[in-house]
Amino acid sequence: MRLKIVTPDRIMLNQPVSRIVAEGPDGVFGMLPRHVDFVTQLVPGILVYEDRQGGDHYAGINSGTLVKCGEEVLVSTRGAVLSDDLDRLRRRVAAEFRQTDETERAARAALARLEAQMVRRFRELDQPS
């Protein structure tokens, strides 16, 4: 199989693998070559993949979608962190995803303020002078 992990700004991984273990909304599942084609959502967590030499590698996934079609497995995610050391990966994932959450929270707050200002302006336009 060929595993490709893609984020909005780059291709994080594109390599042949012999096994994949990931987590969807219904629990953990594994894939080997010749696995049936399917599509599933991924929950935030650790995706494990085995290279052709038998070594395990890890990808911290910030939710996403997995599509298996033929020999290709495509994982599309908002954020991913790759590592061969599981403990180091957990620390990096916690730090990076926490920063992403804080940035998204600030953006949502700014958008809410803009929406409130727009509503006030429309009300002012609607009032007679």
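These figures come from a predicted structure and were not determined experimentally.

1. Focus on empty space enclosed by the protein
Phase 1: If you walk through the whole model with that rule in mind, you get one cavity of 30 Å³ or more.
Phase 2: Put simply, the largest cavity is a space of about 40 Å³.
Phase 3: Lining of the largest cavity is provided by A22, E23, L42, V43, G45, I46, L47 and I61.
Phase 4: Elements with a minimum of two residues in the lining of the largest cavity: β3 (19–24) and β6 (45–50).
Phase 5: Per element, the largest residue contribution to the lining of the largest cavity is three residues, and it comes from β6.
Phase 6: Taken together, the residues of the lining of the largest cavity break down into six nonpolar, one polar and one charged.

2. Focus on the sheet that holds β6
Phase 1: Spatial ordering of the open sheet is given by β4-β3-β6-β7-β10, a layout of five strands whose pairing is antiparallel. Strands at the two margins of the open sheet, each flanked by one partner only, are β4 (27–31) and β10 (80–83). On average, adjacent strands in this sheet sit at an angle of 20 degrees to one another, irrespective of strand direction.
Phase 2: Looking at chain direction, β3 and β6 are connected through three bridges and run antiparallel. Among the inter-strand pairings, I20 is bridged to a residue of β6, identified as Y49.

Conventions adopted
Residues numbered from 1 in each chain as written. Predicted model: local features only at pLDDT ≥ 70, side-chain atom pairs only at ≥ 80, totals over all residues. Heavy atoms only, no water. 1 Å grid on protein atoms, 1.4 Å probe; cavity = no way out; pocket = protein on both sides within 12 Å on 5 of 7 lines; lining within 4 Å. Points joined across faces, edges and corners; volume = space filled by probe spheres on them. Helix = DSSP H or I, 4+ residues; strand = E, 2+ residues; numbered from the N terminus. Nonpolar A, V, L, I, M, F, W, Y, C, P; charged D, E, K, R; others polar. Pairing = 2+ DSSP bridges. Axes fitted to C-alpha atoms, helices over the stretch in contact; angles between N-to-C directions.

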